[in-house]
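Secondary and tertiary structure notes
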Amino acid sequence: MKVCQITGKKAGRGNNVSHSKRRTKRLFNVNLQVKKFYVPELDDYVVLKVSANAIRTINRKGISAVLREAGYVVE
């Protein structure tokens, strides 16, 4: 399933709305990227499936702080 490992974001449901206003169900998928991050505390790389929003958060706060908030063990 398409879920961000940091934020927990999942696909949202909604409608396609045509010009005649007919509505059909659709999914709004999350913009997921598979990224490799270097964690200095572990002296190793971590591969995560994260949303574009989570990548911005990691750039702002740092990978170690974000992993701690998400519940991953970083020593």
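Since this is a predicted model, take the numbers as computed values, not measurements. (Residues numbered from 1 in each chain as written. Predicted model: local features only at pLDDT ≥ 70, side-chain atom pairs only at ≥ 80, totals over all residues. Heavy atoms only, no water.)

1. Digging into the pattern of salt bridges
This structure, assessed with the given rule, holds one salt bridge. In this structure, K61 engages E69 in a salt bridge whose closest nitrogen and oxygen atoms are separated by 3.3 Å. (Salt bridge = Lys/Arg side-chain N within 4 Å of Asp/Glu carboxyl O.)

2. As for the packing of helix α1 (residues 52-61) against helix α2 (residues 63-70)
Their axes nearest at 7 Å, the elements α1 and α2 cross at an angle of 120 degrees. With respect to α2, the element α1 is oriented oblique. Residues T57, I58 and K61 of α1 lie in contact with α2, whose contacting residues are I63, A65, V66 and E69. (Axes fitted to C-alpha atoms, helices over the stretch in contact; angles between N-to-C directions. Helix = DSSP H or I, 4+ residues; strand = E, 2+ residues; numbered from the N terminus. Parallel < 35°, antiparallel > 145°, perpendicular 65-115°, else oblique. Contact = heavy atoms within 4.5 Å.)

3. Some thoughts on the nonpolar core
Judged by nonpolar contacts, the single largest core of 13 residues is most densely connected at I6, F37, L48, V50, I63 and L67. With residues up to four places along the chain from it excluded, the contact list for V50 reads C4, I6, N31, L32, Q33, K35, F37 and I55. (Core = buried A, V, L, I, M, F, W, Y, C linked by side-chain atoms within 4.5 Å. Buried < 20%, exposed > 50% of the residue type's maximum accessible area, 1.4 Å probe, protein only.)

4. Regarding the pairing of strand β4 (residues 44-51)
Pairing between strand β3 (residues 32-39) and β4: eight bridges, direction antiparallel. Bridge pairing in β4 links K36 to V47. Counting the residues between successive antiparallel strands, the hairpin from β3 to β4 contains four residues, one of them, D43, with a positive phi of roughly 50 degrees. (Pairing = 2+ DSSP bridges.)

5. Points about the side chain of T57
By the element assignment, T57 lies in helix α1. Taking relative accessible area as the criterion, T57 reaches 14% and is therefore assigned buried. Ignoring anything within four residues of it in the chain, the contact list for T57 reads G62 and V66.

6. With respect to the packing of aromatic side chains
Taken as a whole and assessed by the stated rule, the structure comprises one aromatic pair. Directly above the aromatic system of F28 lies the positively charged group of R26, at a separation of 3.9 Å from the ring centroid. Stacked on the ring of Y45, the Lys or Arg K36 has its end atom at 5.2 Å from the ring centre. (Phe/Tyr/Trp six-rings, centres within 6.5 Å; stacked < 30°, edge-to-face > 60°. Lys NZ or Arg CZ within 6 Å of the ring centre and 35° of its normal.)

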